[in-house]
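Architecture at a glance
Each chain, letter by letter, is given below.
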Amino acid sequence: MDKHSSLRDPFERSTNQRKGIRLLGGLMATAGAILATSILNAERGGAFAQQPEASDVRSGKALPQVNPDGWTSSAVCGECHQAIHAVWRQSLHANSWSNGVFQAALRRSRDNYGEERSRLCLSCHAPTVRHGNDYAVKESITMEGITCDFCHSIHAVELADPNDPIRFAVGKTKYGPLRHAQSPAHQIVNSDLFKRSEFCAGCHEYKNSHGITVLGTYGEWKNSSYAKRGTECQDCHMPLVAGRTVALDVKSDTSGKVNLHNISGSHDIERVRKAVTLDGVGYQWASDKVWVFMQVANTGSGHCFPTGLPMHRAVLEVKLLNAGEVVDQRQIPFEVVMLDESGRPLRREEEFFVSAAKVRSDTRLKPNEVRTVEISFRDIKASRLLMTASLYYEYSTGALVTDEKGERIEPVEMKFLLASREQSMKRMGR
Ligand code: HEC
Ligand code: HEC
Ligand code: HEC
Ligand code: HEC
Ligand code: HEC
């Protein structure tokens with residue numbers, strides 16, 4: 001791949017480039033992609049020959065082609081869609097199979113529930129198994145996780161069929177949001193589905209066999225004012241940023257904007273900080289009783305806060321301090337608690353998918369919800385106190401991550417401060 005293409009004068013090359021692509025567009029239908037590619041390369045070879053300082057490793061080499069009969073690796077897509085590929089590589093989607101937390105959970109699932117039932121996990125985390133049935137994970141495409149070709153082969157999401165909503169067609173055609181786009185490597189079908197939340201719902205909404213909504217992000221969004229106003233998942237999670245849809249030497253006249261493909265969520269803690277506020281702190285103090293109140297609001301998350309699997313939770317920690325010493329404290333959780341059939345609270349990913357049979361409580365903040373939290377403290381002896389309130393975001397797998405041999409053991413626990421407030425207080429009537 002040519003590392004220097006962005007340093008060259010784009011204008012100088014664009015005329016020849018465009019001619020090549022247009023010619024190609026006409027030919028695609030009749031002559032097929034192989035002939036078209038060689039013509040494109042001849043055109044490009046000519047163009048480069050006139051530029052003594054430019055050496056293009058790609059000239060003379062055939063452009064990569066997509067597999068017409070099966071999946072194509074993201075490495076192939078990335079040869080042309082460089083900018084998108086580089087960003088996608090950083091995403092959790094790209095690591096949905098390989099990440100250690102998932103691997104550990106999958107091992108536990110296979111141990112506790114068996115191989116057959118654990119196929120479910122792969123259908124979302126390594127979704128290319130849906131065609132070709134590589135549940136043994138022998139092929140490298142499976143390990144690419146939620147790869148380019150899986151998403152861009154989706155042509156419909158049928159929510160009326162919740163057990164298997166994703167409809168896709170493997171092969172030469174790539175579906176996407178651009179109108180009138182043409183590619184030398186694949187056919188293109190423009191699809192508005194890519195701009196709508198339904199596209200994501202195929203994996204971000206899941207009800208288990210006990211009827212428990214384990215993943216409800218799409219439904220939470222659907223019931224919110226964001227859905228009514230037409231603010232889709234992509235508007236928040238895939239904003240348009242400057243970038244090229246394809247490398248300059250493949251096509252010069254792209255729009256200059258791409259949808260950010262790292263699709264970050266709570267792993268981007270700055271994003272989480274912007275989504276919630278802690279305000280409206282006040283108190284009342286009468287004899288030895290103190291009431292503290294404040295407002296916690298979900299101002300920027302298009303679904304419940306937190307959303308997704310229940311190991312994501314937020315906690316408001318309120319402390320009363322007298323000369324630096326903690327006099328009393330409370331913790332207010334914002335979380336879903338799920339139980340199995342025998343009433344045992346569940347903590348691990350695989351358990352929610354298979355065993356969750358009851359929701360004991362759901363104290364998460366709904367989209368746009370402003371919740372007034374009121375806490376009372378008794379038996380307060382002091383007459384002056386400092387109250388501190390800290391809102392934390394917590395992530396815990398509630399489990400240990402081990403490697404295949406079970407040698408490396410480390411718990412995955414994370415805690416981030418989102419917001420904090422302080423209030424000095426004194427007893428009335430003194
Ligand atoms: C030989 C270069 C090349 C390769 C390889 C390639 N593409 Fe493309 N692709 C293009 C070009 C050129 C366009 C048109 C871009 C434009 O007009 O902005 C395009 C457009 C697209 C679009 C936009 C379609 C639309 O209507 O929104 C998608 C999606 C896409 N490609 C996906 C893929 C995927 C997935 C792969 C790998 C399986 C892939 N491409 C491999 C060159 C390539
Ligand atoms: C093929 C299934 C699939 C599709 C389609 C899909 N996702 Fe995901 N998504 C997942 C899985 C699985 C994970 C968890 C990956 C992991 O951490 O192992 C995930 C993780 C995420 C995260 C969490 C990232 C973080 O930093 O915490 C966000 C946000 C997200 N997806 C948004 C979207 C959006 C928006 C769409 C639609 C444009 C979408 N997803 C489409 C399966 C999917
Ligand atoms: C989780 C599903 C998902 C994955 C994985 C994914 N895409 Fe996309 N892609 C989308 C969606 C959704 C859009 C449209 C976003 C919009 O228009 O709001 C899109 C848009 C595009 C476009 C059109 C240009 C643009 O930025 O809008 C191209 C080209 C593209 N993707 C290529 C790729 C390639 C190449 C990869 C792998 C490196 C990839 N995509 C991985 C869902 C995905
Ligand atoms: C108004 C903007 C907005 C919209 C619309 C939106 N999100 Fe989010 N999303 C956020 C913010 C902010 C966060 C981080 C705070 C949080 O976790 O709620 C987030 C977090 C997430 C996470 C990470 C949770 C985790 O477990 O790590 C996922 C997954 C996700 N969103 C998926 C979606 C999907 C799917 C849709 C559409 C159905 C969607 N989002 C719509 C703003 C939005
Ligand atoms: C319907 C699609 C779907 C199925 C089926 C599914 N997952 Fe997931 N999984 C997701 C999504 C989406 C996320 C993203 C985070 C969220 O929303 O909380 C996720 C997140 C995870 C995570 C957290 C990863 C991280 O990086 O923090 C683990 C671990 C996990 N899943 C394990 C499993 C196991 C084990 C199974 C099978 C028992 C399974 N999943 C089945 C969609 C699925």
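Note that the coordinates shown come from a computational prediction; the quantities given were computed from them, not determined experimentally.

1. Here we look at the overall build of the chain
Across its full length, the chain holds 14 helices and 17 strands. Across the 430 residues that make up the chain, the buried fraction comes to 31%. In the chain, the share of contacts with a sequence separation of at least 24, taken over all contacts with a separation of at least 6, comes to 61%.

2. Observations concerning the site of ligand 3
Surveying the vicinity of ligand 3 reveals 24 residues, the closest of which are His81, Cys148, Cys151, Pro177 and Gln234. Broken down by secondary-structure element, the contributors of at least two residues to the shell around ligand 3 are helix H3 (74-80), helix H4 (82-89), helix H8 (148-151) and strand E8 (257-259). In terms of residue class, the shell around ligand 3 is made up of 12 nonpolar, 11 polar and 1 charged.

3. What about the site of ligand 4?
Around ligand 4, the surrounding shell holds 26 residues, and the nearest of these are Cys233, Cys236, Gly265, Gly302 and Gly308. Those elements giving two or more residues to the shell around ligand 4 turn out to be helix H9 (198-204), helix H10 (217-222), helix H12 (233-237) and helix H13 (269-275). Its residues assigned to classes, the shell around ligand 4 shows 10 nonpolar, 14 polar and 2 charged. Structurally, the shell around ligand 4 is a two-domain feature, drawing no fewer than three residues from each of domain 1 (66-259) and domain 2 (269-426).

4. As for the environment of Asn190
Relative to the helices and strands, Asn190 is located in strand E4 (residues 187-190). Classification of Asn190 by C-beta neighbours within 10 Å gives exposed; the count is 12. Note: C-alpha distance between Asn190 and His155 (35 residues apart in sequence) is 9.6 Å.

5. Examining H4
Within the sequence span of H4, burial applies to Gln82, Ala83, Ile84 and Trp88. Buried positions along H4 lie against H3, H8 and E8.

6. As for the confidence of the model for the chain
Chain-level statistics for the chain give a pLDDT mean of 84 and a share of 82% at 70 or above. The low-confidence segment residues 1-57 (pLDDT under 50) makes 62 contacts with residues lying over four places distant or belonging to another chain.

7. Describing the nonpolar core
Membership of the largest hydrophobic core comes to 23 residues, with the highest contact counts inside it found for Val276, Val296, Phe305, Met387 and Leu391. Looking at this core, the elements that each hand over two or more residues are H13, strand E9 (276-286), strand E10 (289-298), strand E11 (312-322) and strand E16 (384-401). Counting residues in hydrophobic clusters, the runner-up holds 16 residues, among them Ala83, Ile146, Cys151 and Val250.

8. Concerning the environment of Lys426
Relative to the helices and strands, Lys426 is located in strand E17 (residues 410-426). A sequence separation of 142 residues divides Lys426 from Gln284, and the C-alpha atoms of the two residues are 9.1 Å apart.

9. Points about the pairing of strand E12 (residues 325-334)
Sheet topology note: the E11/E12 ladder contains 9 bridges and is antiparallel. If you follow Leu321 over to E12, its bridge partner there is Val326. With antiparallel pairing between neighbouring strands as the criterion, E11 and E12 make up a hairpin whose turn holds 2 residues, including Ala323 at a positive phi of roughly 50°.

10. A few points about the packing of helix H5 (residues 100-113) against helix H6 (residues 115-125)
Their axes nearest at 7 Å, the elements H5 and H6 cross at an angle of 155°. On the basis of the axis angle, H5 is roughly antiparallel to H6. Here Phe102, Leu106, Ser109, Arg110 and Tyr113 of H5 lie close against H6, whose contacting residues are Glu115, Arg117, Ser118, Cys121 and His125. A breakdown of the residues in the contact of H5 with H6 according to their chemical character gives 4 nonpolar, 3 polar and 3 charged.

11. Things to note about the pairing of E9
Relative to E10, E9 runs antiparallel, the two sharing 9 bridges. Directly across from Trp285, in E10, lies its bridge partner Val290. Two successive antiparallel strands, E9 and E10, enclose a turn made up of 2 residues, where Ser287 displays a positive phi of approximately 45°.

12. Observations regarding the sheet that holds strand E15 (residues 370-377)
A sheet is described by the order of its strands in space; here 3 strands give the open sequence E9-E10-E15, paired in antiparallel fashion. Either end of the sheet is taken by a strand with one partner, and the two such strands are E9 and E15. Neighbouring strand axes in the sheet, compared pairwise and without regard to direction, differ in orientation by 15° on average.

13. What to know about H5
Quick reminder: α-helices carry 3.6 residues per turn. Residues three or four places apart thus point the same way. For H5, spanning 14 residues, the distance from its first C-alpha to its last is 19 Å, which sits close to the expected 20 Å at 1.5 Å a residue. All of the buried residues in H5 are Ala104, Ala105 and Ser109. Viewed along the axis of H5, the buried residues span an arc of 140°, placing them on a single side of the element. Downstream of H5 by a residue or two, Gly114 has a phi angle that is positive, lying close to 95°.

14. So, unusual backbone geometry
Phe305 connects to Pro306 through a cis peptide bond whose omega is -10°. The topology assignment puts Pro306 in the loop between E10 and E11. At His180, a residue that is not glycine, the phi angle is positive and equals roughly 60°. If you trace the backbone, His180 turns up in the loop between strand E3 (173-176) and E4.

15. Structural notes on the environment of Ser361
Turning to its location among the elements, Ser361 is positioned in strand E14 (residues 358-362). Taking C-alpha positions, Ser361 is 9.8 Å from Phe334, a pair spaced 27 residues apart along the chain.

Each value, and the rule that gives it
Residues numbered from 1 in each chain as written. Chains lettered and ligands numbered in written order. Predicted model: local features only at pLDDT ≥ 70, side-chain atom pairs only at ≥ 80, totals over all residues. Helix = DSSP H or I, 4+ residues; strand = E, 2+ residues; numbered from the N terminus. Buried ≥ 20, exposed ≤ 12 C-beta atoms within 10 Å, placed from the backbone. Contact = placed C-beta atoms within 7 Å. Near = placed C-beta within 6 Å. Nonpolar A, V, L, I, M, F, W, Y, C, P; charged D, E, K, R; others polar. Domains from an automatic or database assignment. pLDDT = per-residue confidence, 0-100. Core = buried A, V, L, I, M, F, W, Y, C linked by C-beta atoms within 7 Å. Pairing = 2+ DSSP bridges. Axes fitted to C-alpha atoms, helices over the stretch in contact; angles between N-to-C directions. Parallel < 35°, antiparallel > 145°, perpendicular 65-115°, else oblique. Expected span 1.5 Å × (residues − 1). Arc of directions from axis to C-beta.

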